[in-house]
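# Observations on chain architecture
Here are the chains, one letter per residue:
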Amino acid sequence: MKDNTGNREAAQGAAASPATNMRMSITALAKSGAVAGIIKLASAGLSFLMFVAVAMVTDEREFGLYSATYAGASLVSFFASVGQQSTVLRFWPQYAGLGDLASAHGLMARAILVALAGLIGTSLIIIVVGFLPFIGRGTPEWLPLCVAAAVLSFSLGWSEFTSGAFRAKNALISGLLPRDIIWRAATIAAVVVLHFMHVKMDAVTATYLTALLLILSVVPQTIILARDTMRADRGGLTEGQKQEFKTVTLGLWGVTSLPPALGQVSTLLVAMILGPEAAGAIFVADRTTRFVTLALNGLNQALAPQISAAFYSGDRAHVQRITSLAALGGSAIALCVLATFWIFGSFILSIFNPAYATPTMRATLVIFGIGATFGTACGPIEVLLQLTGLQHALFKVLVIVNVVGLCVTAVATYYLGPIGAALSIAGTVIAWTAFGVSIARRRIGINPSILGLSLDRIGLVPHVLMRGRT
């Protein structure tokens, strides 16, 4: 770890008490992870039902267009927030753990401005793209879809940032509920009402409905965040802190954008190569696969601020323990979900549309699940590298692996169809997570995978951690 760790050790030693107070015990962390896991489980279930509901009020073509629009808006939203949802998770626990709340609030104000600027700018770019006739030549709804995608992209990006800001302050439940539960439940309720009124929706209307309900869901979060930041005694960041903010933001921007973007790009590739009907099926398989990573994603919500606070207070052994335990718990659930896909895959896909219940799409779902299960066994590697100053190393791996992976995905999709896309995407996930674990072991002496837990139990990890400090 090279990013100012050595320069801060003396200050961190003097401020050990605040950092220690912020750190949760394994039991408390497990409880928080369980709460987050329950919320994420409910969120995944509601997300599943939300897309089922939209499929009920749209025909096969319109659902394919909606899927592609949603995927495109999600793709842009990952980049639009300029990585600020992870920046606040990195710096707020660090500053607050050292008792420097003035800098923490100053950091939050800066992050809000950067996130808003990025979201507004990218939304305008999407609208401009809608006026380019040569891109959407085969889609009469191109301009309306782009405008709707701009609204959805802004709402997705802003809700992700507000969730990260609340989680950074250890307000886990209030950070997760609006986006993960309230929004999805409200969308399902609205679409079900329309279904019983025998109203059929096109892709543009469905996208607007999804976006506007999300905006309404995060209004309370937005008001509280703005109020607390404006009322706080904010201190100006030092030149060193500003430079660190810029450097870390650039790295986090890349590493928080590429992994989720890959999933959206796959849907868009299939849409371009195989048509909107196949895109809808791939979209359903990709979204359903998220049940595999559900437990680890839930644990990550509680882990992120804990990793930052413990690492920068010098307690790497605690980071090792909580990350490898998360890998173990997440993998157990992932294997159960993967088995469910193997047995009931066709039935699950048929809930969306009977046309999706084919042997090809069942195999696609299982392949997606295998890649996600391997990634889960590697533990919270993405969060660990983001929050310990290794975001640039992770970014390089992601760029190289994903660029190669996307090229392979395009070729494999063209020649092998959905199974080709699934094989290449799963292979990409396996590659970058394996490389990520290797980086963490070499650079900071922490192995967040299941194997890290085994080493910790037989007493090898503490030796490695001590060696990493010298």
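Data block above holds the structure.
Attention here is on the structure that accompanies the text. These numbers come from a predicted model, not from an experiment. (Residues numbered from 1 in each chain as written. Predicted model: local features only at pLDDT ≥ 70, side-chain atom pairs only at ≥ 80, totals over all residues. Heavy atoms only, no water.)

## Digging into the overall build of the chain
When its secondary structure is counted, the chain shows 20 helices and zero strands. Within the chain, the fraction of its 470 residues that count as buried is 56%. Long-range pairs, those at least 24 residues apart, make up 83% of the contacts in the chain with a sequence separation of at least 6. Looking at the chain as shown, the accessible area adds up to about 18900 Å², and 70% of this sits on carbon and sulfur atoms. (Helix = DSSP H or I, 4+ residues; strand = E, 2+ residues; numbered from the N terminus. Buried < 20%, exposed > 50% of the residue type's maximum accessible area, 1.4 Å probe, protein only. Contact = heavy atoms within 4.5 Å. Areas by Shrake-Rupley, 256 points an atom, 1.4 Å probe, with all protein chains shown as cover.)

## Observations regarding the pattern of salt bridges
Counting across every chain of the model gives four salt bridges. Measuring nitrogen to oxygen at the nearest pair gives 3.8 Å for the salt bridge that ties arginine 184 to aspartate 180. Remark: aspartate 180 and arginine 184 occur in helix α8 (residues 172-196); sequence separation between them is four residues, near one turn of the helix. Grouping residues by exposure puts arginine 184 and aspartate 180 together as buried. (Salt bridge = Lys/Arg side-chain N within 4 Å of Asp/Glu carboxyl O.)

## Brief notes about the nonpolar core
Core analysis: the biggest nonpolar cluster contains 120 residues, and Tyr70 and Phe161 have the highest contact counts within it. For this core, the element with the highest residue contribution is helix α7 (residues 142-168), accounting for twelve residues. Here this core gathers at least three residues from each of two domains, domain 1 (27-260) and domain 2 (275-457). Filtering out sequence-adjacent residues up to four positions away, tyrosine 70 remains in contact with Met50, Phe51, Leu152, Leu156, Trp183, Thr210, Phe283 and Arg287. (Core = buried A, V, L, I, M, F, W, Y, C linked by side-chain atoms within 4.5 Å. Domains from an automatic or database assignment.)

## Notes on helix α5 (residues 84-97)
The end-to-end C-alpha distance of α5 is 19 Å, a good match for the 20 Å that 14 residues give at a rise of 1.5 Å each. Burial analysis of α5 places 14 of its 14 residues in the buried class, which makes it a mostly covered element. (Expected span 1.5 Å × (residues − 1).)

## Comments concerning the side chain of serine 449
If you trace the backbone, serine 449 turns up in the loop between α18 (418-444) and α19 (450-457). Apart from the residues lying within four places of it in its own chain, the contact partners of serine 449 are Ser324, Ala327, Ala377, Cys378, Gly379 and Val437.

## Quick notes on helix α4 (residues 60-80)
With 21 residues, α4 should cover 30 Å at 1.5 Å per step; its first-to-last C-alpha distance of 30 Å lies within 8% of that length. Buried residues dominate α4, accounting for 17 of its 21 residues. Residue aspartate 59 occupies the N-cap position of α4, its side-chain oxygen lying 3.2 Å from the main-chain nitrogen of arginine 61. (Polar contact = N/O pair within 3.5 Å; in protein donor to acceptor, adjacent residues only side chain to side chain.)

## Observations regarding a nonpolar patch on the surface
The grouping of Met272, Ile273, Leu274, Val411, Tyr414, Tyr415, Leu416 and Leu423 at the surface amounts to a nonpolar patch, some 900 Å² of accessible area in total. Among the elements of the structure, α11 (239-274) and α17 (391-416) are those that each provide at least two residues to the nonpolar patch. Among the elements that line the nonpolar patch, the one with the most residues is α17, at four residues. Relative to the helices and strands, methionine 272 is located in helix α11. By relative accessible area, methionine 272 is classed as exposed at 65%. (Patch = residues over 30% accessible without salt bridge, like charges linked within 9 Å, V, L, I, M, F, W, Y side chains within 5 Å.)

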